[in-house]
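Commentary on secondary and tertiary structure
Residues per chain are reported as follows:
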Amino acid sequence: MPDRDFHDTPSPGADRGTGHGTESGAAPGRQPDGGPPRETEAEREAERRRRRAQFLRDLAEARQLRDRVQPRRAKTARLRHAMRMRTFRW
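A few points on the structure. Note that the structure is a prediction, hence the values are computed from the model and not measured. (Residues numbered from 1 in each chain as written. Predicted model: local features only at pLDDT ≥ 70, side-chain atom pairs only at ≥ 80, totals over all residues. Heavy atoms only, no water.)

This part is about the overall build of the protein chain. From N to C terminus, the protein chain includes 2 helices and 0 strands. The burial tally for the protein chain puts 6% of its 90 residues in the buried class. When the accessible surface of the protein chain is totalled, it reaches about 8800 Å², and 54% of it is carbon and sulfur. (Helix = DSSP H or I, 4+ residues; strand = E, 2+ residues; numbered from the N terminus. Buried < 20%, exposed > 50% of the residue type's maximum accessible area, 1.4 Å probe, protein only. Areas by Shrake-Rupley, 256 points an atom, 1.4 Å probe, with all protein chains shown as cover.)

Right, let's get into the pattern of salt bridges. Counting across every chain of the model gives 5 salt bridges. We note a salt bridge from Glu 41 to Arg 44, for which the minimum N-O separation is 2.5 Å. Within this pair, Glu 41 and its partner Arg 44 are both found in helix α1 (residues 41–69), separated by 3 residues, close to a single helical turn. Across the pair Arg 50 and Glu 47 runs a salt bridge whose closest N-O atoms are separated by 2.9 Å. One end of the pair, Arg 50, and the other, Glu 47, are both in helix α1, 3 residues apart, so they sit about a helical turn from each other. Relative accessible area serves as the criterion here: at 29%, Glu 47 is assigned to the partly exposed category. (Salt bridge = Lys/Arg side-chain N within 4 Å of Asp/Glu carboxyl O.)

Okay, the environment of Arg 48 next. Residue position: Arg 48 is located in helix α1. Reaching out from Arg 48, the side chain makes a polar contact with the side chain of Glu 45 at a distance of 2.9 Å. (Polar contact = N/O pair within 3.5 Å; in protein donor to acceptor, adjacent residues only side chain to side chain.)

Shown next, in the form of structure tokens:
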């Protein structure tokens, strides 16, 4: 059963990154005042990929720091991961 009451109601994340949505009567992809088109889908996707790459770099850096600060825990995690990989069935 869907969470929404109406099937034609857009999901909350449908126009994420474009402000508060388009006003009624405005052409999709254009500013309400008739200005230039909004950010294209390709630009939004590129920005999302840049943010994701930055997040993954930060995450890797945090893991490296944690491994340096807690070597015993890092070794245990490596051994546990190796055991999981050995027992994994392809």
